[in-house]
Amino acid sequence: MSSILEVRDLVKQYPGLRAVDGVSFSIDAGVCFGLLGPNGAGKTTTIEMIENTLDLTSGEVFYKGQPRGQKFREEVGIQFQSTQLLQYLTVEETLKTFHRLYTRQASLQQIIETCQLSDILKRDNRKISGGQKQRLLLALALLNEPELIFLDEPTTGMDPQARRNLWDIVQAIKNLGKTVILTTHYMDEAQILCDQISVMDKGKILTSGTPKELIQRYCPHVTIQLPLSLPAETLQNLPWTIETTPGGHELHAKDAREVLKVLMERDLDLSDISIHSPNLEDVFLVLTGRSLRE
Amino acid sequence: MKKSFERFWSMFYARNMEFLRDRSSLTWSFVFPFFLLFGFSFVFNRDKPPDAVKIAVTGPAAQSWQTRIDGLPQVQAVVIADAAEARDKLAHHKLDLVLDTAQQPPVYQISETAPKGYQAEQLVIRVLERKALGNRAPPAVFTRQSLRGTEVPYLDWFFPGMLGMNIMFGSVFGVSYVTVRYRKNGVLKRLGATPLKPFEYLSAQLASRMFLLMFTTAVIFTGSMLMFGFQVRGSWLALILLFFWGAASLIALGILAAARTESEELVGGVLNMTTWPMMFVSEVWFSLEGSPAWIQQVAQIFPLTHLITGARKVMNDGASLTDVSHHLLILIAMTLVFLSISSALFRWTKR
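Residues numbered from 1 in each chain as written. Chains lettered and ligands numbered in written order. Predicted model: local features only at pLDDT ≥ 70, side-chain atom pairs only at ≥ 80, totals over all residues.

**What to know about the overall build of chain A**
Moving on, step 1. A count of helices and strands for chain A gives 10 helices and 14 strands.
Moving on, step 2. Its C-alpha atoms give chain A principal-axis dimensions of about 75 × 45 × 40 Å.
Moving on, step 3. Each of the 294 residues in chain A was classed as buried or not, and the buried ones make up 35%.
Moving on, step 4. Once local pairs closer than 6 in sequence are excluded, the contacts in chain A between residues at least 24 apart make up 70%. (Helix = DSSP H or I, 4+ residues; strand = E, 2+ residues; numbered from the N terminus. Buried ≥ 20, exposed ≤ 12 C-beta atoms within 10 Å, placed from the backbone. Contact = placed C-beta atoms within 7 Å.)

Here you go:
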């Protein structure tokens, strides 16, 4: 696969704060790339420097192997984290206004369908819900049939149903073969949508890989929690480490099936057992000692 | 080029829709000038004396009379060599009284409709008559002449100033606040992420504001003509061009003030610093006659001065397009300069 975007040693320096500190990565065409990190990690600053909406202190950005030019504006779609819309315009008028700004134009009808806007086309921008607004902003990012789409925290502040709805739309966009760059501090969002992830904190990229690779690399063990009602002596001589916490006996192992097999051989009551598979939240915890939401 | 026009049109249309659907702003834009005009017609039909008068003295004894008059309280006297010029300024409310010393007894002239004509007569002529005769019953030392029938009524003189003021406020504040608001709430950032160019965006803002201002000005102008019987004695084309380019230059000035600004408070302060001097030195309310020469020269740097002066020449004096062409050229030049600098300085985003 060819690289559609390459970022080399990006730096953003504010007085007294290095918001982005030497970020480099490369994204292949057709991939959904995620920048995962807590608030204040430098994700939005990084993405806005790449979008050319924020001046970079140093570093280089190459789009299709070339420095960004007017073609970049024509061929990328951007959904900003927080944007107001033109007031007193309907959803349909807003779409048409932005649609006319591009030389390369996607089918408006198709975008309306993809982003599920048919029912609110005649509604005033000021009278749509948060989820509807995000779908409209996403639609605006698709008007020029972009090859590369930037989505900056697209589901922040949305209720769970609206989030899942937007994920479906992003999946549909991915299925069209578009390259997507997504920033998020939601571990589940990154895990579901992204093919490649870079974990970011304090302006630096800590690690990169597919979600599965990152989990295997940093959190290879599943946690099996057994109820405290199980007598301790029944768990003696097991080949795994066991910690007793207020929530129960925690057993860490690479293969949950093997643990279950042994426990069943001991004829233990497993009705209150719980198994926790590691996720990107755990990866971040291992890397920084902090939670993504801290 | 076609695409560039399409982008311009898209922005022009969107902004017009925003303004026309904002009913409170739209209503105020129409109603405010009428309030102002009604207020003034009411005020200037009363005998309420304003507080200072401007006198011009002409003729061979002008200097000695000027010295005597200048010593009077609340009176400012100037010598004008050309009697015709002095009468013309009296007719245009740049002076309140003209004393011609070429004849014996001296002749004084006032405008019957001028707000300060009667005050000038009382403050100067009556006082001088009493002083000449030691406060006894005065003989006719002066001959009185009235300009009734040839003078420009004050309301007619004021009307172009009121229109200019309305255009100025509608221009500079309207366009600058919108641009700063767009920058603050991220609309400009969103627009800047498209192929839209600063010049396309700014010229669309200018055109949209211009369209709305010309529309409201036409309504106010027609309504006022019908209600107050104002006349346009000169070229209609010249008047329309003056309003058009006057508004364009003032809108461009507003755009310049908002080219990089991120707060309404700052842009409001900057524009107040610009508009209030214009209100005073561009002769919106009263003439600058008699004020220091440097103030009159400073006034020439303001677009409002050229708009109002040109419009008064056309409406009150019957000026042609050629007569006001220099005002038009200055306004066109100011528009292009302001817009070019704005395009170069413009920022889509906050710093």
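Next comes the rest of the description.
**A short note on the overall build of chain B**
Moving on, step 1. Tallying secondary structure elements over chain B gives 13 helices and five strands in all.
Moving on, step 2. Counting only C-alpha atoms, chain B reaches 85 × 40 × 35 Å along its principal axes.
Moving on, step 3. Counting every position in chain B, which comprises 351 residues, the buried fraction comes to 45%.
Moving on, step 4. Expressed as a percentage of contacts within chain B between residues at least 6 apart in sequence, the contacts between residues at least 24 apart total 77%.

**Observations concerning the nonpolar core**
Moving on, step 1. Counting residues in hydrophobic clusters, the biggest one holds 156 residues, and the most contacted among them are B:Ile55, B:Leu97, B:Leu242 and B:Ile255.
Moving on, step 2. Those residues within four positions of B:Ile55 in sequence are excluded, and the remaining contacts are B:Ile69, B:Val75, B:Gln76, B:Ala77, B:Asp96, B:Leu97, B:Leu99, B:Ala120 and B:Val124.
Moving on, step 3. Counting six residues, the second largest nonpolar core, distinct from the first, contains A:Leu226, A:Leu251, A:Ala253 and A:Leu263. (Core = buried A, V, L, I, M, F, W, Y, C linked by C-beta atoms within 7 Å.)

**Brief notes about the pairing of strand S8 (residues 179–184) of chain A**
All names here are of chain A.
Moving on, step 1. In terms of burial, S8 is a largely internal element, six of the six residues being buried.
Moving on, step 2. Across the two faces of S8 the burial is the same, with Thr 179, Ile 181 and Thr 183 and Val 180, Leu 182 and Thr 184 all buried.
Moving on, step 3. Judged from the five bridges that link them, strand S3 (residues 32–36) and S8 form a sheet pairing that is parallel. Bridging across to S8, Cys 32 finds its partner in Val 180.
Moving on, step 4. Sheet topology note: the strand S7 (residues 148–152)/S8 ladder contains five bridges and is parallel. By the bridge assignment, Leu 148 is partnered in S8 with Thr 179. (Pairing = 2+ DSSP bridges.)

**Digging into the domain arrangement of chain B**
Residues and elements named next belong to chain B.
Moving on, step 1. Domain annotation of chain B identifies domain 1 (2–42 + 153–345) and domain 2 (53–146).
Moving on, step 2. Centre-to-centre, using C-alpha coordinates, domain 1 lies 38 Å away from domain 2.
Moving on, step 3. The interface is formed by seven residues belonging to domain 1 together with 11 residues belonging to domain 2.
Moving on, step 4. Broken down by class, the residue content of the side of domain 1 that touches domain 2 amounts to three nonpolar, three polar and one charged. (Domains from an automatic or database assignment. Nonpolar A, V, L, I, M, F, W, Y, C, P; charged D, E, K, R; others polar.)

**Topic: the pairing of strand S1 (residues 3–14) of chain A**
Residues and elements named next belong to chain A.
Moving on, step 1. As defined by bridge partners, S1 adjoins strand S2 (residues 17–28) across nine bridges and the pair is classed as antiparallel. Across the sheet, the residue bridging to Val 7 is Phe 25, located in S2.
Moving on, step 2. Following S1, the chain reverses through two residues before pairing antiparallel with S2; Gly 16 in that reversal takes a positive phi of roughly 80°.
Moving on, step 3. Both S1 and strand S4 (residues 58–63) contribute to a ladder of five bridges, which runs antiparallel. Each bridged residue has a counterpart across the sheet, and for Glu 6 the counterpart in S4 is Phe 62.

**As for the sheet that holds strand S5 (residues 143–146) of chain B**
All names here are of chain B.
Moving on, step 1. Strand order in this open sheet of five strands is S2-S1-S3-S4-S5, and the pairing throughout is mixed. Each edge of the sheet is formed by a strand with only one pairing partner; in this case those strands are strand S2 (75–79) and S5. The sheet shows a mean angle of 25° between the axes of neighbouring strands, taken without regard to direction.
Moving on, step 2. The sheet strands contacting helix H3 (residues 62–70) are strand S1 (53–58), S2 and strand S3 (97–100), and the helix crosses S2 at an angle near 170°. (Axes fitted to C-alpha atoms, helices over the stretch in contact; angles between N-to-C directions.)

**Here we look at the sheet that holds strand S12 (residues 241–245) of chain A**
Residues and elements named next belong to chain A.
Moving on, step 1. Spatially, four strands are ordered S12-S13-S11-S14 in an open sheet, and the strand pairing comes out antiparallel. Each edge of the open sheet carries a strand with a single partner, namely S12 and strand S14 (274–276). Each strand axis lies, on average, 25° off the axis of its neighbour in the sheet, ignoring direction.
Moving on, step 2. When strand S11 (residues 222–226) meets strand S13 (residues 248–253), the two strands line up antiparallel, connected through five bridges. Of the residues in S13, the one forming a bridge with Val 222 is Ala 253.
Moving on, step 3. Contacting S11, S13 and S14, helix H9 (residues 256–265) runs over the sheet at an angle of about 130° to S13.

**Section: the interface of chain B and chain A**
Moving on, step 1. Residue-level contacts link 20 residues of chain B with 22 residues of chain A.
Moving on, step 2. When residues of the side of chain B that touches chain A are traced back to their parent elements, those giving at least two are helix H1 (2–21) and helix H7 (187–192) of chain B.
Moving on, step 3. Top element by residues in the side of chain B that touches chain A is H1(B). It accounts for eight residues.
Moving on, step 4. Split by residue class, the side of chain B that touches chain A holds six nonpolar, six polar and eight charged.

**Considering the environment of A:Ile128**
All names here are of chain A.
Moving on, step 1. In this structure, Ile 128 sits in the loop between helix H4 (108–114) and helix H5 (130–140).
Moving on, step 2. Look at Ile 128 and you get partly exposed, because 18 C-beta atoms sit within 10 Å.
Moving on, step 3. Taking the C-alpha atoms as reference points, Ile 128 and His 221, separated by 93 residues in sequence, lie 45 Å from one another.
Moving on, step 4. Ignoring anything within four residues of it in the chain, the contact list for Ile 128 reads Val 91, Ile 120, Arg 123, Lys 133 and Leu 136.

**Regarding H1(B)**
Moving on, step 1. If you check H1(B), its first and last C-alpha atoms are 28 Å apart, about what 20 residues at 1.5 Å a residue would give, namely 28 Å.
Moving on, step 2. Taken residue by residue, H1(B) has B:Arg7, B:Phe8, B:Ser10, B:Met11, B:Phe12, B:Ala14 and B:Arg15 as its buried positions. (Expected span 1.5 Å × (residues − 1).)

**Looking at unusual backbone geometry**
For residues other than glycine, phi is negative in most cases, and the peptide bonds are mostly trans.
Moving on, step 1. Located in the positive-phi region is A:Asn237, a residue other than glycine, with phi close to 65°.
Moving on, step 2. Within the secondary structure layout, A:Asn237 lies in the loop between S11 and S12.
Moving on, step 3. You will see that B:His93, though not glycine, has its phi angle at about 65°, which is positive.
Moving on, step 4. Here B:His93 lies in the loop between helix H4 (83–91) and S3.

**Focus: the domain arrangement of chain A**
Moving on, step 1. By the assigned domains, chain A splits into domain 1 (3–216) and domain 2 (221–277).
Moving on, step 2. Just the C-alpha atoms count here: the centres of domain 1 of chain A and domain 2 of chain A sit 42 Å apart.

**Topic: the packing of H5(A) against helix H6 (residues 160–175) of chain A**
All names here are of chain A.
Moving on, step 1. Taken N-terminus to C-terminus, the directions of H5 and H6 make an angle of 15°; their axes are 10 Å apart at the nearest point. Classed by the angle they form, the pair H5 and H6 counts as roughly parallel. Crossing handedness for the pair H5 and H6: right-handed. Touching Gly 131, Gln 134, Arg 135 and Leu 138 of H5 are Ala 162, Asn 165, Leu 166 and Ile 169, all from H6.
Moving on, step 2. Taken together, the residues of the contact of H5 with H6 sort by class into four nonpolar, three polar and one charged. (Parallel < 35°, antiparallel > 145°, perpendicular 65-115°, else oblique. Left-handed = near helix turned anticlockwise from the far one by under 90°.)

**Some thoughts on helix H8 (residues 198–228) of chain B**
In an α-helix there are 3.6 residues to a turn, and that puts residues three or four apart on one side.
Moving on, step 1. Given a rise of 1.5 Å per residue, 31 residues ought to cover 45 Å, and the 43 Å separating the end C-alpha atoms of H8(B) matches this to within 8%.
Moving on, step 2. Following H8(B) by one or two positions, B:Gly229 adopts a phi angle in the positive range, close to 70°.

**Examining the packing of helix H6 (residues 154–185) of chain B against helix H10 (residues 264–281) of chain B**
Residue and element names in this part refer to chain B.
Moving on, step 1. One way to put it is that H6 packs onto H10 with a least axis distance of 10 Å and a crossing angle of 165°. Viewed along their axes, H6 and H10 adopt a mutual orientation that is roughly antiparallel. The way H6 lies across H10 gives a crossing that is right-handed. Together, Met 165, Met 168, Phe 169, Val 172, Phe 173, Ser 176, Tyr 177, Val 180 and Arg 181 of H6 and Glu 264, Val 267, Leu 271, Thr 275, Met 278 and Met 279 of H10 make up the contact between the two elements.

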